Amino acid sequence: MSFALYMIGFLIFLAGLGWAATVAGVPSLYIGIGALILLGIGIFSGVGRTRGKDPS
């Protein structure tokens, strides 16, 4: 559940950045490339933060 909540928040953040870049006049190709990179970073960080600790 916490991973889904993390990803929803990150997607809202990513949408806001994309909208701001569109308003600023950044070409859509660069917005798409940046969004894909940030989405990958968001998934990696979401998995790392919400993953359970290994009992050892």
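> With reference to specific residues and values, describe the packing of aromatic side chains.
Describing an aromatic ring pair means giving the distance of the ring centres and the angle of the ring planes. As enumerated under the stated definition, the model contains one aromatic pair in all. Between Phe10 and Phe13, the ring centres sit 6.0 Å apart and the planes meet at 50°, which makes this aromatic pair tilted. Residue Phe10 and its partner Phe13 are located together in helix α1 (residues 2-24), separated by three residues, close to a single helical turn. The class of Phe10 is buried, set by a relative accessible area of 14%.

> Describe the packing of α1 against helix α2 (residues 28-50), with residues and values.
Axes are the key here: two packed helices are described by the angle between their axes and the distance separating the axes. Viewed as axis vectors pointing N to C, α1 and α2 meet at an angle of 160°, and their least axial separation amounts to 10 Å. By the criterion of interaxial angle, the relationship of α1 to α2 is roughly antiparallel. The chirality of how α1 crosses α2 is right-handed. Of the residues in α2, those in contact with Ser2, Phe3, Tyr6, Met7, Phe10, Leu11, Leu14, Leu17, Gly18, Ala21 and Thr22 of α1 are Ile31, Ala35, Leu38, Leu39, Gly42, Ile43, Ser45, Gly46, Val47, Arg49 and Thr50. Looking at the contact of α1 with α2 residue by residue, the class counts come to 14 nonpolar, seven polar and one charged.

> Can you break down the environment of Leu5 residue by residue, with the values?
Relative to the elements of secondary structure, Leu5 occurs in helix α1. Look at Leu5 and you get exposed, because its relative accessible area is 58%. Between the C-alpha atom of Leu5 and that of Gly46, which follows or precedes it by 41 residues, the distance is 9.5 Å.

> Lay out α1 with the relevant residues and their values.
Along its 23 residues, α1 runs 33 Å from first to last C-alpha, staying within 8% of the 33 Å computed at 1.5 Å per residue. For α1, every residue scored as buried is listed here: Met7, Phe10, Leu14 and Ala21. The elements touched by buried residues of α1 are α2.

Scoring rules and cut-offs
Residues numbered from 1 in each chain as written. Predicted model: local features only at pLDDT ≥ 70, side-chain atom pairs only at ≥ 80, totals over all residues. Heavy atoms only, no water. Phe/Tyr/Trp six-rings, centres within 6.5 Å; stacked < 30°, edge-to-face > 60°. Helix = DSSP H or I, 4+ residues; strand = E, 2+ residues; numbered from the N terminus. Buried < 20%, exposed > 50% of the residue type's maximum accessible area, 1.4 Å probe, protein only. Axes fitted to C-alpha atoms, helices over the stretch in contact; angles between N-to-C directions. Parallel < 35°, antiparallel > 145°, perpendicular 65-115°, else oblique. Left-handed = near helix turned anticlockwise from the far one by under 90°. Contact = heavy atoms within 4.5 Å. Nonpolar A, V, L, I, M, F, W, Y, C, P; charged D, E, K, R; others polar. Expected span 1.5 Å × (residues − 1).

In short, geometric facts, not functional conclusions.
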